[in-house]
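Observations on the three-dimensional arrangement
The primary structure of each chain is shown beneath.
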Amino acid sequence: MAYPFKFCPNCSKPIEIGGKKMIECRNCDFNFYFSPASTNALILVNKNGEVLLTKRKFEPQKGYWDLPGGFVGLGETVEQSLIREIKEELDLTLKDFTYFGSYTSIYPCRGIDYQTLCHTYVANYHGDKITVGDDVDEYVFFPKEKIPFDKLSFQDIKDSLKDFIG
Ligand SMILES: [Zn+2]
């Protein structure tokens, strides 16, 4: 696990990462616990039973297929963040959705490996055309048997779709 911290944020002395779970400064007793970053993802299913995947426009994992979703912001609930992300990425106002499960992954970004905890939801889509947002290249509704598992973005996305397909 690549954590970037070398100095205590409180007293500026060099520190060691204690057990990969926390920053522990022996000079000033400063402690800071690492927690996973909460994320959300949506398995959106159309009337033919196909699952929507979005192609990532930016790094990390640019060009790989993803579920729509993103990071939970500070002060947001997971549900609020899901509704916001789906509006941003697909211009859809999400109303009816059900919890599916939680999945862990690593999100490497600019030299830091973020541990993520993804809360995955399922919803049905009855419309026709979707307009994707700025950070999405394109979207495709994939039949369950044609989901490109070797081209999926992150471990949590792979695991949740594996469970969903059963
Ligand atoms: Zn310190």
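Residues numbered from 1 in each chain as written. Predicted model: local features only at pLDDT ≥ 70, side-chain atom pairs only at ≥ 80, totals over all residues.

1. Observations regarding the overall build of the protein chain
Each helix and strand counted, the protein chain has two helices and ten strands in total. Element order for the protein chain, N to C, with α for helix and β for strand: β-β-β-β-β-β-β-α-β-β-β-α. Taking the principal axes of its C-alpha atoms as reference, the protein chain extends roughly 60 × 30 × 30 Å. Among the 166 residues that make up the protein chain, the fraction classed as buried is 23%. At a minimum sequence separation of 6, the contacts of the protein chain that also span at least 24 residues come to 59%. (Helix = DSSP H or I, 4+ residues; strand = E, 2+ residues; numbered from the N terminus. Buried ≥ 20, exposed ≤ 12 C-beta atoms within 10 Å, placed from the backbone. Contact = placed C-beta atoms within 7 Å.)

2. What about the environment of L74?
By the element assignment, L74 lies in the loop between β7 (69-71) and α1 (78-90). When the 5 C-beta atoms within 10 Å are taken as the criterion, L74 is described as exposed. On a C-alpha basis, the gap between L74 and D134 in space is 22 Å, while along the polypeptide they are 60 residues apart.

3. Brief notes about the nonpolar core
In this structure, A41, L42, I43, L53, L67 and I157 are the most contacted members of the largest nonpolar core, which totals 20 residues. Sorting the residues of this core by element identifies β4 (37-45), β5 (51-56), α1, β8 (98-109), β9 (112-124) and α2 (155-165) as the ones contributing at least two each. Here this core gets four residues from one element, more than from any other, and that element is β4. Contacts of L42, omitting those with residues within four sequence positions, involve L67, P68, G69, L82, I86, F97, Y121 and A123. (Core = buried A, V, L, I, M, F, W, Y, C linked by C-beta atoms within 7 Å.)

4. Observations concerning the domain arrangement of the protein chain
The domain architecture assigned to the protein chain consists of domain 1 (1-34) and domain 2 (37-165). Of note, the centres of domain 1 and domain 2, computed from C-alpha atoms alone, are 33 Å apart. (Domains from an automatic or database assignment.)

5. Some details on unusual backbone geometry
With an omega dihedral of -5 degrees, the bond running from E59 to P60 counts as a cis peptide bond. By secondary structure assignment, the location of P60 is in the loop between β5 and β6 (65-66). Unlike most non-glycine residues, D29 shows phi in positive territory, near 70 degrees. By secondary structure assignment, the location of D29 is in the loop between β2 (22-24) and β3 (31-33). Judged by the 10 C-beta atoms lying within 10 Å of it, D29 falls in the exposed class.

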